[in-house]
Amino acid sequence: MSQHHAQRRRQAIDHDLAEDKVEDICRHLACSKSWLYKWRNRYDAPNAAWAQERPKRPKSHPTQTPEHVERAVVSLRLTLLHNGTGGGAAAIIQMLTQQGIEPVPSRRTIYRILHRHHKEET
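All values derive from a computational prediction rather than experimental measurement. (Residues numbered from 1 in each chain as written. Predicted model: local features only at pLDDT ≥ 70, side-chain atom pairs only at ≥ 80, totals over all residues. Heavy atoms only, no water.)

Engineer: Please clarify how the overall build of the chain should be interpreted in this entry.
Structural biologist: Each helix and strand in the chain was counted, giving six helices and zero strands. Its helices and strands in sequence order give the chain the pattern α-α-α-α-α-α, from N to C terminus. A compact globule built from 122 residues should have a C-alpha radius of gyration of about 14 Å, whereas the chain, at 26 Å, is more than 25% larger. With the principal axes as the frame, the chain shows a C-alpha extent of 75 × 30 × 25 Å. Across the 122 residues in the chain, those meeting the buried criterion constitute 27%. (Helix = DSSP H or I, 4+ residues; strand = E, 2+ residues; numbered from the N terminus. Rg over C-alpha atoms; globule rule 2.2 N^0.38 Å. Buried < 20%, exposed > 50% of the residue type's maximum accessible area, 1.4 Å probe, protein only.)

If you want it as structure tokens, here you go:
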């Protein structure tokens, strides 16, 4: 984010610390009350970077299928096809369960993994 935005945030907090009325600050800076409250809550005097924008991207992806499970799905599919026993999602789920690989993905997730893997090969 630009320095202009950070400066505007600092200016809003300076007015707030001077105990100016919220309505006056918002009118002067052409901002909403919720915007002012957001930056008031994030204000941290010892931390000079408090006025910088934070990334909106999540820090973690708790619902993302772990890499070891994806590798196992692809590997089991190839093994099942090689053995001629079919390589459908139900068979893959059964093999994952037998091998104790967790979390066991849904059929839809297995198809998505296999489709993505197939696209990467071509």
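Back to the text.
Engineer: How do you make sense of the environment of Lys56 when you look at a structure like this?
Structural biologist: Tracing the backbone through its elements, the reader meets Lys56 in the loop between α3 (33–42) and α4 (67–83). Using a relative accessible area of 71% as the deciding quantity, one classes Lys56 as exposed. In terms of polar contacts, Lys56 uses its side chain to reach the side chain of Glu53, at 3.3 Å. (Polar contact = N/O pair within 3.5 Å; in protein donor to acceptor, adjacent residues only side chain to side chain.)

Engineer: Explanation requested: helix α6 (residues 107–121) in the structure shown.
Structural biologist: The α-helix advances 3.6 residues per turn, and as a result positions three or four apart in sequence lie on the same side. Here α6 contains 15 residues, and its C-alpha end-to-end distance of 21 Å stays within 8% of the 21 Å for a straight helix at 1.5 Å per residue. Residues of α6 that are buried: Thr109, Ile110, Ile113 and Leu114. Relative to the axis of α6, the buried residues are bounded by an arc of 135° and lie together on one face. Relative to its buried face, α6 has exposed residues pointing more than 90 degrees away, namely Arg108, His115 and Lys119. Tucked into the core, α6 has its buried residues touching α4 and α5 (89–99). (Expected span 1.5 Å × (residues − 1). Arc of directions from axis to C-beta. Contact = heavy atoms within 4.5 Å.)

Function cannot be read off these values alone, since they describe shape.
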